[in-house]
Amino acid sequence: MYSVSDFVIFRYPGFQYAEMATLSRAVEYSRPTPEVPIFVVAGFDTSQFLHLYAVKEILREVNWSYVDREVRKNLVGIPPFEAKSKEWFTKLVEKAKSRFDQSIFTKVVLSRKSPVYIDHLQISDVFKELCRRYPNAMVFLLYTKKTGCWIGATPELLLSGDKLQVKSMSLAGTKYELDPSPWGQKELLEQKIVTDYIADVFREELHTHQISVTGPYEVHAGPVKHLKTDIQAVSTEYIDLLSLAQRLHPTPAVSGHHHQKAKEFILSHEGYDRRYYTGFFGFWNFDRADFFVNLRSMEVFYDGVVLYTGAGITADSIAESEWRETEIKMQTLLSVLR
Ligand SMILES: C=C(O[C@@H]1C=C(C(=O)O)C=C[C@H]1O)C(=O)O
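Right, let's walk through the structure included here. (Residues numbered from 1 in each chain as written. Predicted model: local features only at pLDDT ≥ 70, side-chain atom pairs only at ≥ 80, totals over all residues. Heavy atoms only, no water.)

In this section: the overall build of the chain. Within the chain one finds seven helices and 16 strands. The C-alpha atoms of the chain give a radius of gyration of 19 Å, which matches the 20 Å a tight globule of 338 residues would have. In terms of overall dimensions, the chain has C-alpha extents of about 55 × 50 × 35 Å along its principal axes. A total of 338 residues make up the chain; the buried ones form 57% of that total. (Helix = DSSP H or I, 4+ residues; strand = E, 2+ residues; numbered from the N terminus. Rg over C-alpha atoms; globule rule 2.2 N^0.38 Å. Buried < 20%, exposed > 50% of the residue type's maximum accessible area, 1.4 Å probe, protein only.)

Printed below as a string of structure tokens:
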């Protein structure tokens, strides 16, 4: 089989154009130099999946017919798996709620994956449609031998900044975009858990007295809206951006609180391996980095795609509504496929 080289095509939030970076073989330990940036791909569980690629070339123009042709040649069929039913998912939500306590284990993000069979998927069309619909998202198409092919439009930044200033966001709390009801205690709490966690990590890891927290405020991401808070910090000493990203990840926006408890619950109860979904990816340059969370995304196969979505569960969650939240989030992606 012909092997296309590893690459990522990306369109930054707010930008008009997409670029393509060709990547060299993954290396375990490396650091960016002024000449050679690194592209990082981390899984939900970084102890299993963390790949660093040296960036070979950045192409300002994407050769879409090459991408469509060569990627398709290398795709495999959707591996068989049993998609979790509504009943299964709502039971799991109840189980999580029964395990919560007042302070140690208070939130967990539960997710599921679902296959969609499509006759002839034109990947360039999907990418362009994602760009059109989600101008404020990071739109990406990642193809590597290790990760397979992922495409998505993520609204969530994990960490970006230079050596002395960083920013992150707490993005948690979700409603249908046309829901006119005010944000309730449930969403405000799940949002606050994430904000506090990120501010605490900045406080612990950085030499700083300057942390600014702005929010929460409402943002739209296609058929859903979220609560969002911006968290920024200025450091008096150089920041190791990949170490800080690894320290932040997974935030309670995709895992829960206490993060260790939540991660354990997810790994032992969710019933599938998230692999790269809710991991992070992005460019780690010599003097700056931009890492995004891999969500509102799907894995691309020869005969269709596998969609991934999750929802934050707290003691006040209503299982049925959480299921609906994962359904609506799937619409973000389904609507560009049809
Ligand atoms: C887990 C997902 O989204 C995350 C969970 C959210 C929530 O629980 O409200 C909101 C945004 C994301 O941080 C997803 O889209 O799959």
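Moving on: unusual backbone geometry. With omega at 0 degrees, the peptide bond leading from Gly215 into Pro216 counts as cis. Structurally, Pro216 can be placed in strand E10 (residues 210-221). Cis peptide bonds are those with omega within 30 degrees of zero, and the linkage from His249 to Pro250 qualifies with -10 degrees. For Pro250, the location among the structural elements is in the loop between helix H5 (241-248) and strand E12 (256-257). Residue Arg275 is not a glycine yet carries a positive backbone phi of 50 degrees. Mapped onto the elements of the fold, Arg275 is located in the loop between helix H6 (259-269) and strand E13 (280-284). With phi around 65 degrees, Thr278 is a residue other than glycine that occupies positive phi space. With a relative accessible area of 1%, Thr278 lands in the buried category.

We now examine the side chain of His269. Checked against the element boundaries, His269 lands in helix H6. On the basis of relative accessibility, which here comes to 18%, the residue His269 falls in the buried class. Those residues in contact with His269 that lie beyond four places of it in its chain are Trp88, Leu92, Lys95 and Arg99. (Contact = heavy atoms within 4.5 Å.)

This next bit is on the pairing of strand E8 (residues 157-162). Of all the six residues making up E8, five are buried; the element is thus mostly covered by neighbouring parts of the structure. Where E8 and strand E14 (residues 288-293) come together, five bridges link them in antiparallel fashion. Looking at E14, one finds that Asp162 is bridged to Arg288. Relative to strand E9 (residues 165-176), E8 is paired through two bridges, and the arrangement is antiparallel. Following the sheet pairing, Gly161 is matched in E9 by Val166. What sits between E8 and E9 in their antiparallel hairpin is a turn of two residues. (Pairing = 2+ DSSP bridges.)

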